[in-house]
Amino acid sequence: MANQADLIVGLQWGDEGKGKIVDHMAQTHDYVCRFAGGHNAGHTIVIGDQTYALHLIPSGVLNPEAKNVVGNGVVLSPVDFIKEMEQFDDLEGRLFISDKAHLLLPHHALIDQARERMKGDKAIGTTGKGIGPAYGDKVARVGHRVGELLDPAKLTAKLMAYFEMYQGIFDVMGVELPSEAELLAELAGYKNVLEPYITDTTLLVWDALDQGKKILLEGAQGTMLDIDHGTYPYVTSSTTVSAGAASGLGIAPRDIGRVTGIAKAYCTRVGNGPFPSEDHGEAGQRLRDNGHEYGTTTGRPRRCGWFDAVAARHAVRINGVDQIALMKLDVLDGFDEVKVCVAYEVDGKRIDYVPYDLEEATPVYESFPGWDKTEGVQTFDDLPETARSYITALEAMVGAKMGIISTSPEREDTIVRK
Ligand code: IMP
């Protein structure tokens, strides 16, 4: 059997707690690779008295033995990436950036923010980091790639021509652009820092696969934010599902082996867009408080609600999930009843799949008896019986085993089932 990579993917609207599982798995992998998204993602890792904020650098950076790959499917903001790199002093030889990744430059963030302002109450609620405009330029074939940083004068000329082409639009949006001299200085600065890391990461990953290295593919955001399979247009601009790992790194689908899908024991979403199982009342507030549901990248309070088994089943199928890691079970501790969205109703009809327009769907709930405490529990058998029944019911609804269950932010409070 050929060597295959392990994949971690979010099954909900992002923020599923992938960080804890990826950090854990990064300790036993030789390579950790990001394949999509940009610095819109983020998690914080505490090791001893040090806190690290990771947005785009793969989580393997905290394992001194691991090599870290930023794949071609990523959009990279050099200024933000360099800031993130400054947290570490030993990156050479263990951080590799694809020359084919697209550049996200300061004007992309300004366009993102201007578009959101212009949309008013129809705004997507983006992170404002420039993700959509950077991917937009890539697909419109007017983007620029990381490899071009190696010749700052040439890239400056190309960007000045691009700025001129879109000048009218930038004026309407109030986007201020750098002068030619400023741009050249900025790009030359990026080249100085990033040059040692820029390479053909596709060849690198192929070699690693051929040598039997253990490779972890680290997804960002979640399935319901996927550009094709999420709640368009309230999505991010990349392929967040497992298929994106193949194109975002240049590997074949058959190079991907075990897929671990990450889901919280309830549901959250940041930004606008449909979220059928959202709870606007006391339960939602309690989930937000207990789960510390505030964005790591933007600090925004997250919208909270119940586990959506319909959306999770959709995500299990799309991603080819082998096992689920169920996160933050302890956040449901102390609820008298725990609800699960088991179906939707659209136009008075009950359906069990994610419809074209999720905005039209109302949730159909099933209630489960709650439990006192799962916090800190480390074996499945030690969970309260009602919590075990909840998990078993979810497994049947979504069609995948919950092989990992997390009962607190601590690394050791993780149930791994045989
Ligand atoms: P963008 O990716 O900044 O364009 O934002 C598009 C949508 O994706 C918004 O609803 C964001 O809140 C959401 N989003 C982007 N990145 C993340 C993430 O890492 N976690 C959760 N939501 C995200």
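Residues numbered from 1 in each chain as written. Predicted model: local features only at pLDDT ≥ 70, side-chain atom pairs only at ≥ 80, totals over all residues. Heavy atoms only, no water.

### Some details on the overall build of the protein chain
Heads up, the condition is: Strands are runs of DSSP state E lasting at least 2 residues, helices are runs of H or I lasting at least 4, and numbering of each runs from the N terminus. Buried, partly exposed and exposed residues are distinguished by accessible area as a fraction of the type maximum, computed with a 1.4 Å probe on protein chains only: under 20%, between the cut-offs, and over 50%, respectively. Throughout, a residue-residue contact means that at least one pair of heavy atoms, one from each residue, lies within 4.5 Å. Note on areas: Shrake-Rupley with a 1.4 Å probe; residue coverage comes only from the protein chains shown. When charges are tallied, Lys and Arg are placed among the positive residues and Asp and Glu among the negative ones, while His and the ends of the chain are skipped. A charge is said to be at NZ when it belongs to Lys, at CZ for Arg, at CG for Asp and at CD for Glu.
Helix and strand counts for the protein chain stand at twelve helices and 20 strands. Taking the principal axes of its C-alpha atoms as reference, the protein chain extends roughly 65 × 50 × 40 Å. Taking all 418 residues of the protein chain together, the buried fraction comes to 56%. Within the protein chain, contacts between residues at least 6 apart in sequence are counted, and of these 75% link residues at least 24 apart. If you sum the accessible surface of the protein chain, you get close to 18000 Å²; carbon and sulfur atoms cover 50% of it. Computed over 41 positive and 61 negative side-chain charges, the inter-centroid distance for the protein chain is 3 Å.

### Notes on the nonpolar core
Going by this rule: Note on terminology: a nonpolar core comprises buried Ala, Val, Leu, Ile, Met, Phe, Trp, Tyr and Cys residues joined through side-chain atoms within 4.5 Å.
Counting 62 residues, the largest nonpolar core has L217, F307, L332 and Y390 as the members making the most contacts within it. The element that contributes the greatest number of residues to this core is helix α12 (residues 385–398), accounting for seven residues. Not counting chain neighbours up to four residues away, the residues in contact with L217 comprise A5, D6, L7, I8, C33, F35, A245, L249, I251 and I256. The next biggest cluster of nonpolar side chains, apart from the first, holds 38 residues, and it includes F81, V175, Y197 and I198.

### Some details on the site of the ligand
Let me state the cut-off plainly: Here, proximity means that at least one heavy atom of the residue falls within 4 Å of the molecule or strand. As used in this structure description, the phrase polar contact means that two N or O atoms lie within 3.5 Å; if the pair is within protein, one of them must be able to donate a hydrogen and the other to accept it, and residues adjacent in sequence are counted only when both atoms belong to side chains. Three categories are distinguished: nonpolar for Ala, Val, Leu, Ile, Met, Phe, Trp, Tyr, Cys and Pro, charged for Asp, Glu, Lys and Arg, and polar for the others, with Gly belonging to the last. Residue ranges for the domains originate in an automatic or database domain assignment.
Taken together, 16 residues lie near the ligand, and D15, N40, T127, T236 and R300 sit nearest. At 2.6 Å from an oxygen atom of the ligand is found a side-chain nitrogen or oxygen belonging to T236. Within the complex, 96% of the 470 Å² of free accessible area of the ligand lies under protein. By residue class, the composition of the shell around the ligand is seven nonpolar, seven polar and two charged. Residue assignment places the shell around the ligand across two domains, with domain 1 (5–76 + 202–416) and domain 2 (102–196) each supplying three or more.

### Side note on the pairing of strand β16 (residues 337–346)
For the record, the criterion: When DSSP locates at least two bridges between a pair of strands, those strands are taken to pair.
Most of β16 sits inside the fold, with seven of its ten residues counted as buried. Summarising the sheet, β16 and strand β18 (residues 362–369) pair through eight bridges and their orientation is antiparallel. Across the sheet, E337 pairs through a bridge with P369, a residue of β18. Two elements, β16 and strand β17 (residues 349–351), share three bridges in a ladder whose sense is antiparallel. What sits directly across from V346, in β17, is K349. Remark: two residues form the turn of the hairpin made by β16 and β17, two consecutive strands paired antiparallel; D347 in that turn has positive phi of roughly 50°.

### Regarding the pattern of salt bridges
What counts, and what does not: Here a salt bridge means any side-chain nitrogen of Lys or Arg lying within 4 Å of a carboxyl oxygen belonging to Asp or Glu.
For the structure shown, the criterion picks out eleven salt bridges. Put simply, D90 and R94 hold a salt bridge, and the shortest N to O gap is 3.3 Å. The class for R94 is buried, based on a relative accessible area of 8%. In this structure, E293 and K264 form a salt bridge, with 3.1 Å as the shortest nitrogen-oxygen distance. One end of the pair, E293, is in the loop between α10 (282–290) and β13 (303–305); the other, K264, is in strand β11 (residues 256–264), and 29 residues separate them in sequence.

### Some points on the sheet that holds strand β10 (residues 215–218)
Taken together, ten strands build an open sheet; the order of strands is β9-β7-β5-β2-β10-β1-β11-β15-β19-β20 and the sheet is mixed. Looking at the sheet topology across the chains shown, the edges are occupied by β9 (198–199) and β20 (414–416). Pairing of strand β1 (residues 5–10) with β11 involves five bridges; the strand directions are parallel. What sits directly across from V9, in β11, is G261.

### Points about the packing of aromatic side chains
Here is the rule: Think of it this way: a Phe, Tyr or Trp ring, Trp meaning its six-membered ring, pairs with another when their centres are within 6.5 Å, and the plane angle makes it stacked under 30 degrees, edge-to-face over 60, tilted otherwise. Charges are assigned to positions over rings by a cutoff of 6 Å between ring centre and Lys NZ or Arg CZ, combined with an angular limit of 35 degrees from the ring normal.
With the rule as written, the count across this model stands at ten aromatic pairs. Aromatic rings pair up to connect Y162, F163, Y166 and F170 into one cluster. Sitting over the face of the ring of F335, R286 holds its NZ or CZ atom 4.0 Å from the ring centroid. The aromatic ring of F380 is capped on one face by R417, whose charged end is 3.9 Å from the ring centroid.

### Here we look at the domain arrangement of the protein chain
Spelled out, the test is: A 1.4 Å probe defines the accessible area here, and the buried area is the portion of it lost by two parts on being joined, summed over both.
One can read the domain layout of the protein chain as domain 1 (5–76 + 202–416) and domain 2 (102–196). Each of domain 1 and domain 2 was reduced to a C-alpha centroid, and the two centroids are 30 Å apart. Opposite the 21 residues of domain 1 that make contact, domain 2 presents 17 residues. Carbon and sulfur atoms make up 58% of the surface buried where domain 1 meets domain 2, a total of about 1500 Å² over both sides.

### Thoughts on the environment of V259
One can find V259 in strand β11. We classify V259 as buried; its relative accessible area is 4%. In this structure the C-alpha to C-alpha distance between V259 and I8, which are 251 residues apart in sequence, comes to 6.0 Å. Not counting chain neighbours up to four residues away, the residues in contact with V259 comprise L7, V9, N319, G320, V321, D322 and Q323.

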